[in-house]
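Per-entry structural report
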Amino acid sequence: MPARKPFKHVTPSAELKAKFASAPWTADVFADPTLHAFVNDALLPKAHPRQETFTAKTLATEDTISAWQSFYRTPSSPDQFLEIVSILKLGSGVNGHVDTCHGGFVSVILDEMIGNAAEYEKPFGKSTMTAYLKVDYKKPVKTPGVIMTRSWLERREGRKMWGRGTIEDGMGNVLSTGEALFLVVEPIKPTEKL
């Protein structure tokens, strides 16, 4: 599959892999030959200082998300959409209750991950925005710890793209699920500061 924006393909470094060593199941994710590593464009600093700052700056700290590696899995047939799989190392800076992620943070992660799948499938030169997000909280997301997310699109009609995602503990337990509707829109241009 050709490299397409928003994915910047990378080979995960030994240093990054070591950050996930507290969760031995992540070694299987890194070794899976069906998964292709990339860095999400939303995590990279932008030329404009007010663009995508929430994931690239606010949530990229040792106390929030200290490590984040994303992968995509190519669909097995042309009528299917790809799957995005990510592993994130979470700190206690995302807590609501003691040693438990805030529910709003869980929603942010599902929005970001389902949005990754939508961004890949959007037409070139366009952008996407969340129109609807529903989250079901199944079990607490414990911190500090490592989680796995999965996301994919289910269908696309014109400007509308429907997707789903999960947050898992990496050992088969689903902690939260989400469904979302994304709209294809024109990219938002930065406005001049007044």
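Our subject is the structure that appears above.
Residues numbered from 1 in each chain as written. Predicted model: local features only at pLDDT ≥ 70, side-chain atom pairs only at ≥ 80, totals over all residues. Heavy atoms only, no water.

**What about the overall build of the protein?**
Put simply, the rule reads: Numbering of helices and strands starts at the N terminus; helices are DSSP runs of H or I of at least 4 residues and strands are runs of E of at least 2. Burial classification: accessible surface area is computed with a 1.4 Å probe over protein chains only, and a residue below 20% of its type maximum counts as buried, one above 50% as exposed, and the rest as partly exposed. Note on definitions: a residue-residue contact is assigned when non-hydrogen atoms from the two residues lie within 4.5 Å.
Tallying secondary structure elements over the protein gives four helices and 10 strands in all. When the helices and strands of the protein are placed in sequence order, the string is β-α-α-β-α-β-β-β-β-α-β-β-β-β. Residue burial in the protein is summarised as follows: out of 194 residues, 42% are buried. Here the contacts in the protein between residues at least 6 apart in sequence split such that 70% fall between residues at least 24 apart.

**As for the environment of Asp-63**
Under the convention used in this document: Residues adjacent in sequence count toward polar contacts only when both atoms are side-chain atoms; beyond that, a polar contact is any pair of N or O atoms within 3.5 Å, and within protein one must be able to donate a hydrogen and the other to accept it.
Along the chain, the position of Asp-63 falls in the loop between helix 3 (53–58) and strand 3 (65–73). A relative accessible area of 43% places Asp-63 in the partly exposed class. Separated by 26 residues in the primary sequence, Asp-63 and Lys-89 have C-alpha atoms spaced 9.6 Å apart. Excluding anything up to four places from it in sequence, Asp-63 contacts Gly-91, Ser-92, Gly-93 and Val-94. At 3.3 Å, the side chain of Asp-63 forms a polar contact with the side chain of Ser-92.

**Thoughts on the side chain of Ser-176**
Tracing the backbone through its elements, the reader meets Ser-176 in strand 10 (residues 174–185). Accessibility expressed as a relative area gives 0% for Ser-176, which makes it buried.

**Let's talk about the pattern of salt bridges**
Filter applied, for reference: For salt bridges, the criterion is a side-chain nitrogen of Lys or Arg within 4 Å of an Asp or Glu carboxyl oxygen.
Under the criterion given, the structure shown has 11 salt bridges. Glu-119 is the salt-bridge partner of Lys-122, the closest N and O atoms lying 3.9 Å from each other. In terms of burial, Lys-122 and Glu-119 fall into one category: buried. As a salt-bridge pair, Arg-155 and Glu-157 come within 2.6 Å of each other at their nearest N and O atoms. Where salt bridges share partners, they join Asp-32, Arg-73, Glu-83, Arg-150 and Glu-168 into one cluster.

**Details of the environment of Glu-121**
Here Glu-121 shows up in helix 4 (residues 103–121). Classification of Glu-121 by relative accessible area gives buried; the value is 13%.

**Digging into the nonpolar core**
What counts, and what does not: Nonpolar cores are built from buried Ala, Val, Leu, Ile, Met, Phe, Trp, Tyr and Cys residues. Side-chain atoms within 4.5 Å join them into one set.
Counting 30 residues, the largest nonpolar core has Ile-65, Leu-90, Phe-105, Ile-109, Val-141 and Ile-167 as the members making the most contacts within it. Elements represented by at least two residues in this core include exactly strand 3, strand 4 (83–90), helix 4, strand 8 (145–157), strand 9 (160–168) and strand 10. It is helix 4 that contributes the most residues to this core, nine residues altogether. Residues in contact with Ile-167, not counting those within four places in the same chain, are Val-106, Ile-109, Leu-110, Val-141, Ile-147, Met-148, Thr-149, Asn-173, Val-174, Leu-175 and Ser-176.

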